[in-house]
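Letter by letter, the chains look like this.
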Amino acid sequence: MFADLHLHSHFSDGTYAPEEIVAHGARFGLAALALTDHDSVEGCARMAVACEAAGIEFIPGAELTAEQAGNELHLLGYFLDTHNTKLFAELTKFQTVRQNRIREMVAQLNKLNVPLSADAVFALANCRSPGRPHVARALVNAGLCRSLDEAFERFLKKNRPAWVPKLKMSALDAIELIHQAGGLAVMAHPGLNRMDEIIPELVDAGLDGIECFHTKHSPATAARYLALAAKFQLLVTGGSDCHGLSKGKPLIGTVKLDYAYVEKLKVARRKAAEPLNR
Ligand SMILES: [Zn+2]
Ligand SMILES: [Zn+2]
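Along each chain, the written sequence defines residue order, and numbers are assigned to residues from 1. Each chain is given a letter, starting from A, and each ligand a number, starting from 1, according to the order in which they appear as written. The predicted nature of this model means local features are confined to residues of pLDDT at least 70 and side-chain atom pairs, given and counted, to a pLDDT of 80 or more, with totals for whole chains, interfaces and linings taken over all residues. Note that the side-chain values use all heavy atoms of the structure and ignore hydrogens as well as water.

One finds Leu-33, Met-47, Leu-64, Leu-75 and Leu-202 to be the most contacted residues of the largest nonpolar core, which totals 47 residues. In terms of residue count, the dominant contributor to this core is helix 7 (residues 171–180) (5 residues). Nonpolar core, defined: a set of buried Ala, Val, Leu, Ile, Met, Phe, Trp, Tyr and Cys residues in which side-chain atoms within 4.5 Å join the residues together. Partly exposed residues are those whose accessible area sits between 20% and 50% of the maximum for their type, while under 20% is buried and over 50% is exposed, using a 1.4 Å probe and protein chains only. One finds Leu-109, Val-135, Ala-136 and Ala-138 within the second-largest nonpolar core, a separate group that totals 19 residues. Numbering of helices and strands runs from the N terminus, with a helix taken as a DSSP run of H or I at least four residues long and a strand as a DSSP run of E at least two residues long.

Turning to the environment of Thr-82, a few remarks are in order. Inspection of the secondary structure assignment puts Thr-82 in the loop between strand 4 (71–78) and helix 3 (85–111). Taking the C-alpha atoms as reference points, Thr-82 and Gly-191, separated by 109 residues in sequence, lie 28 Å from one another. Only heavy atoms enter the contact rule, under which two residues are in contact if any of them lie within 4.5 Å. If sequence neighbours within four positions are ignored, Thr-82 has contacts with Val-41, Cys-44 and Pro-60.

The relative placement of two aromatic rings is captured by the distance of their centres and the angle of their planes. Any pair of Phe, Tyr and Trp rings, taking the six-membered ring for Trp, is counted once the centres come within 6.5 Å. Such a pair is stacked with planes under 30 degrees apart, edge-to-face with planes over 60 apart, and tilted for the rest. Tallied over the entire structure, the rule returns 1 aromatic pair. With 5.9 Å between their ring centres and 50° between their planes, Phe-213 and Tyr-261 make a pair best called tilted. Of this pair, Phe-213 sits in strand 7 (residues 209–214) while Tyr-261 is found in helix 11 (residues 259–273), placing the two residues 48 residues apart along the sequence. Residue Phe-213 is classed as partly exposed on the basis of its relative accessible area of 23%. Take Tyr-261: its relative accessible area is 21%, and that puts it in the partly exposed class.

This next bit is on the side chain of His-38. With respect to the element layout, His-38 can be found in the loop between strand 2 (32–35) and helix 2 (44–54). For His-38, a relative accessible area of 10% gives the class buried. Discounting chain neighbours no more than four positions away, the residues touching His-38 are His-8, Ser-12, Asp-13, Glu-63, His-74, Arg-98, Ser-129 and His-243.

Set out below in structure tokens:
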């Protein structure tokens, strides 16, 4: 039995509806799926219904954008109580930050005589967590760039003319936010961030796990993080980070996490729910 614990829907910058993700998960025979949209739990209710109908176990989650020591990192929250008031308030705040950032990026583009409107981006994104991929798609749709890669290379990548820094919560605050919403906090794709030196600090702050298996982790990278997870007694997770089609194929199904790791997550979640343990 296998799981995919890192999936994005159109409630953030993915292109699939939750139902489509579940249909793909069923096609690949996955036993458990987690939805981890950026700074949003909006798609979880629909994904739960679709998983139930397909006989697939569902784990409600989110991927929070955070920073530590001036570097961006992503924290996955699993088993989140999607009705938690503080989580809702914080996500709403960061969704507003994202929307304002879109307006700033569009203003930069307009200064460069690129005639894109923020409304065009919002209409395309059609979600509360718009991001750079939506701006890139809007640029392509309007015929202003030939490809998403070109949009990022010319305008949207860090330090390119339309790039705008994003206000982020600290990684320690993100871990606390996940915990108070009943969730487990997992460092996403550490191989992409190369910030291993901060792992001990995150562990002290209550980090529960590391995403060892990821589309962009080589077997050697996965092995390195499995060793670190063992050293710090952290849980192990993995997922495809599927955002829809990638080069004509969905990534879901390409990273298969052994279900034994999901069992361990569930044990940790039950322990965390016991009042004396946290
Ligand atoms: Zn990420
Ligand atoms: Zn992701």
